[in-house]
Amino acid sequence: MARSRRLAAVASVLSISLIAAACGDDDEPTTTEAPPASEAPGGSEAPGTDAPGGDRPFEGTTVTIMSSIRDVEAERLESAWADFEEETGIDIQHEGTATFEDDLKLRVEGGDPPDLAFIPQPGLLATLVREGNVVALSDLEATVAENNGDSWVGFGTVDGTFYAPPFGANIKSLVWYSPQAFADAGYEIPQTWQELLDLSQTIVDDGGTPWCVGAESGGATGWVLTDWIEDVVLRTAGPEVYDQWVSHEIPFNDPQIVEAVNLVGDIVKNDDFVLGGAQSIPSTSFQEAGLPLLDGDCFMHRQANFYGNQFPEDTTKGPDGQVNAFYLPTVNADDPQVMLGGGELIGAFSDRPEVAAVAEYLTGAEYANNRLALGNWLSPNKNADPSLVTDPLEQVFAQLLVESDVFRFDGSDLMPGPVGAGSFWSEMVEWVVDAKDTQAALDAIEASWPAE
């Protein structure tokens, strides 16, 4: 049944593309002629020469995808779309790179872009769109609104046109901890921000260190700190102010942002609260920062759901495991549950029917379910089946994602590159080691915002 529905959808994409190609330019008649079989990709009959909807309607075509996904995660995403390749005849070739943003820009500027890219930064998407490099996927807007919600439509919309549906997602409003360490010490999960601060002080009074924090990430050093700040802005100023802040409708150094940064400083700039002291944060890699939880050297580590992949393979996770995670509390226990997160948007750089078909498939629940069943991945698609997630902790993450009252994308990823992936990161590094006070750091970031 799923195969029939998928092939019907593929046929629809193919039919629309063929009609569009046949229309051509109103001022000059256009003749569309399929190439001979010997000239079609792979030497097979060109797609579209058979009636749309037949078996393997895109036989012999290739769609290339570039992303930052590598290693085991890349193997899993490729396994999840293998059935689609078999049924449509499309060969999906994926390239994962550790320097995705730079590589994508170079490929686009050099006239050799991939057909599709999983773009983790809406700000980068907007830049590429405004340079005239991205093909709009407007036909998918209504589907994304139904399956993912208006927020995700907004993330993929640039200047009023919808370009990019969502692919995967992650949630960041989490605190990792050791259930056994909490139980042994008699600590309870905090339900408010003040309770979180009180717990931190209690741990210090008991002779422990409450937090592990590490922000070293090569050229991206500092993003861990900006995530902290974004989470607190959502909790103290609210989503409307958050939106105004990331879009620069209010200045970066607005008093509400100053307040949020100072609240983060109550934790990360307190040497008693941080393993190794605040000075260690920029030199402690984010990959290794949370590992001391396993040895009892710290009690809490604020980091996204994907951090679970950094623990040794044999680490048990969940309420009865060596590590677990709780929701980063709001200011008041009854405040709306705001969730900071991120994810990838599917950007298209080629206007071919097989490319549109792959983008549509990757946006749907069928791919999401295939990938969820393989583990260590979250889908923003509300029609995906969370029961396919077998790991108990990942089930909690999946439920938190779909049940959050408010979801907001990582602010630095939404901001212009010189700010979100530049001054915001670097100034927060300076700020955490006390080279600058809060006002001076935010003033510098405000000054770096590109002129309209």
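For the structure itself, look to the data block above.
Fair warning: this is a prediction, and the values are worked out from it, not measured in the lab.

## Here we look at the packing of helix α10 (residues 223–236) against helix α11 (residues 239–246)
- Closest axis-to-axis distance for the α10/α11 pair is 7 Å, and the angle between their directions is 135 degrees. Comparing their axes, α11 and α10 come out oblique. In this structure, α10 contributes I229, E230, V233 and L234 to the contact, and α11 contributes P239, Y242 and W245.
- Considering only residue class, the contact of α10 with α11 consists of six nonpolar, no polar and one charged.

## Concerning the pattern of salt bridges
- The full count for this structure, using the stated rule, is 14 salt bridges.
- The residue E59 makes a salt bridge to R56 at a minimum N-O spacing of 2.3 Å.
- With relative accessibility at 28%, the residue R56 sits in the partly exposed group.
- For D434, the salt bridge identified is with K269, shortest N-O distance 3.1 Å. In this pair, D434 sits in the loop between α18 (417–432) and α19 (438–448) while K269 sits in the loop between α12 (255–268) and α13 (286–289), placing the two residues 165 residues apart along the sequence.

## Description of a negative patch on the surface
- The grouping of D71, E73, E75 and E78 at the surface amounts to a negative patch.
- Tracing the backbone shows E75 in helix α2 (residues 71–80).

What counts as what
- Residues numbered from 1 in each chain as written.
- Predicted model: local features only at pLDDT ≥ 70, side-chain atom pairs only at ≥ 80, totals over all residues.
- Heavy atoms only, no water.
- Axes fitted to C-alpha atoms, helices over the stretch in contact; angles between N-to-C directions.
- Helix = DSSP H or I, 4+ residues; strand = E, 2+ residues; numbered from the N terminus.
- Parallel < 35°, antiparallel > 145°, perpendicular 65-115°, else oblique.
- Contact = heavy atoms within 4.5 Å.
- Nonpolar A, V, L, I, M, F, W, Y, C, P; charged D, E, K, R; others polar.
- Salt bridge = Lys/Arg side-chain N within 4 Å of Asp/Glu carboxyl O.
- Buried < 20%, exposed > 50% of the residue type's maximum accessible area, 1.4 Å probe, protein only.
- Patch = residues over 30% accessible without salt bridge, like charges linked within 9 Å, V, L, I, M, F, W, Y side chains within 5 Å.
- Areas by Shrake-Rupley, 256 points an atom, 1.4 Å probe, with all protein chains shown as cover.
- Lys, Arg positive; Asp, Glu negative; His and termini not counted.
- Charge placed at Lys NZ, Arg CZ, Asp CG, Glu CD.

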